[in-house]
Amino acid sequence: MGNMLQIFYPGEYLDSAYEIDFEKLYQQGYRGVIFDIDNTLVRHGAPADSRARQLFARLKKLGYQCCLLSNNKEPRVKMFNEKIQVHYIHKAGKPRTANYKKAVEQMGTDTAHTLFVGDQIFTDIWGANRAGIRTILVKPIHPKEEIQIILKRYPEKLVLYFYQKRQRRIQKKQTGRKQ
């Protein structure tokens, strides 16, 4: 079962987009970051708050190119982008890979040096994995979600169970080697 689900596994799973060590990732050669917006950076439908504005200012200062990749309509994405001014693609059709690749093109990076940050396994992570982009899954900011997203959260829990089981196995092997 676990092997079948690997295409859904994130590269990393963190509590929040705001705790990612972008400085370290920059040192590792990453130059582009693609973000989902709703429940990844802010609550569903919210504008860019001060935390989001500070994050994008920090990323730009570090030398990152950024792109917002949202399945939402343009007014929503444009409204969020007003205060941060990065590339964006609305009605992205995630998990289809075409717009992940378009985002990479817009930023002038390549898939090997680009990260994707999102809160949903079956859209965000699956699409980025298939596009060959390193993924970081974050916990959703706000639990109040639309019914179609809530329904997807149940199978996501199954994927996360096998992902975390695999991560523990890997860590066990690594600590076993160190002794």
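Numbers given to residues run from 1 along each chain, matching the order in which its sequence is written. Reporting of local features is limited, given that this is a predicted model, to residues whose pLDDT is at least 70; pairs of side-chain atoms are given and counted only at 80 or more, and all residues count toward the totals for whole chains, interfaces and linings. Heavy atoms throughout the structure, all of them, feed into the side-chain values; hydrogens and water do not.

Draft legend 1. Broad picture of the overall build of the protein chain. Each helix and strand counted, the protein chain has 7 helices and 6 strands in total. Numbered from the N terminus, helices here are DSSP runs of H or I no shorter than four residues, and strands are runs of E no shorter than two. For the protein chain, the N- to C-terminal ordering of α and β elements is α-β-α-β-α-β-α-β-α-β-α-β-α. As defined in this context, the radius of gyration uses C-alpha atoms, and a globule is described by 2.2 Å times the residue total to the power 0.38. Taking 16 Å as the expected radius of gyration for a compact globule of 179 residues, we find that the protein chain reaches 16 Å, a close match to that expectation. Once the C-alpha set of the protein chain is aligned to its principal axes, its extents read approximately 50 × 40 × 30 Å.

Draft legend 2. Up close: the state of the cysteines. When two cysteine sulfur atoms lie within 2.5 Å, the pair is treated as a disulfide. Scanning the entire structure with this criterion turns up 0 disulfides. Cysteine C66 is unpaired, with the sulfur of C67 as its nearest cysteine sulfur at 8.8 Å.

Draft legend 3. Local environment of unusual backbone geometry. In this chain, K94 is followed by P95 through a cis amide linkage whose omega measures 15°. Along the polypeptide, P95 turns up in the loop between strand 4 (87-89) and helix 5 (98-107). Within the chain, K91 stands out as a residue other than glycine whose phi angle is a positive 40°. Mapped onto the secondary structure, K91 falls in the loop between strand 4 and helix 5.

Draft legend 4. Structural context of the nonpolar core. Take the buried residues of types Ala, Val, Leu, Ile, Met, Phe, Trp, Tyr and Cys, join any two whose side-chain atoms come within 4.5 Å, and each joined set is a nonpolar core. Partly exposed describes any residue whose relative accessible area lies between the buried limit of under 20% and the exposed limit of over 50%, with all areas from a 1.4 Å probe on protein chains only and scaled to the type maximum. Ranked by size, the top nonpolar core spans 28 residues in total, and within it F22, F35, L41, F56, L68 and F80 carry the most contacts. At the level of secondary structure, the elements contributing two or more residues to this core comprise helix 2 (22-27), strand 2 (32-35), helix 3 (50-62), strand 3 (65-69), helix 4 (74-81), strand 5 (114-118) and strand 6 (134-138). With 4 residues, the top contributor of residues to this core is helix 3. Excluding residues that lie within four positions of it along the chain, F35 makes contacts with F22, L41, L55, F56, L59, C67, L68, L69, F116 and V117. I34, L69, Y100 and M107 belong to the second largest nonpolar core, which has 13 residues in total. In what follows, a contact means two residues having at least one pair of non-hydrogen atoms within 4.5 Å.

Draft legend 5. Inspection of the packing of aromatic side chains at higher detail. Planes of paired rings set the category: under 30 degrees apart is stacked, over 60 is edge-to-face and the rest tilted, where pairs are Phe, Tyr or Trp rings (Trp by its six-membered ring) whose centres lie within 6.5 Å. Across all of its chains, the model carries 9 aromatic pairs by this definition. Here the aromatic rings of Y161 and F162 are separated by 5.1 Å at their centres, their planes lie at 80°, and the arrangement is edge-to-face. Each residue in the set F22, Y26, F35, F56 and Y64 is aromatic and connected to the rest through ring pairs, giving one cluster. Over the aromatic face of Y26 sits the side chain of R31, whose NZ or CZ is 3.5 Å from the ring centroid. To sit over a ring, a charge needs its Lys NZ or Arg CZ within 6 Å of the ring centre and within 35 degrees of the ring normal. When the ring centre of W126 is taken as reference, the NZ or CZ atom of R130 above it lies at 4.6 Å.

Draft legend 6. Here's a closer look at the pattern of salt bridges. We count a salt bridge whenever a side-chain nitrogen from Lys or Arg sits within 4 Å of a carboxyl oxygen from Asp or Glu. In this structure the tally under the stated criterion is 6 salt bridges. A salt bridge links E12 to R134; the nearest nitrogen and oxygen atoms lie 2.9 Å apart. Of this pair, E12 sits in strand 1 (residues 12-14) while R134 is found in strand 6, placing the two residues 122 residues apart along the sequence. A relative accessible area of 27% places R134 in the partly exposed class. Taken together, the shared-partner salt bridges connect D36, K94 and D124 into one network.

These figures come from the coordinates and say nothing about function on their own.
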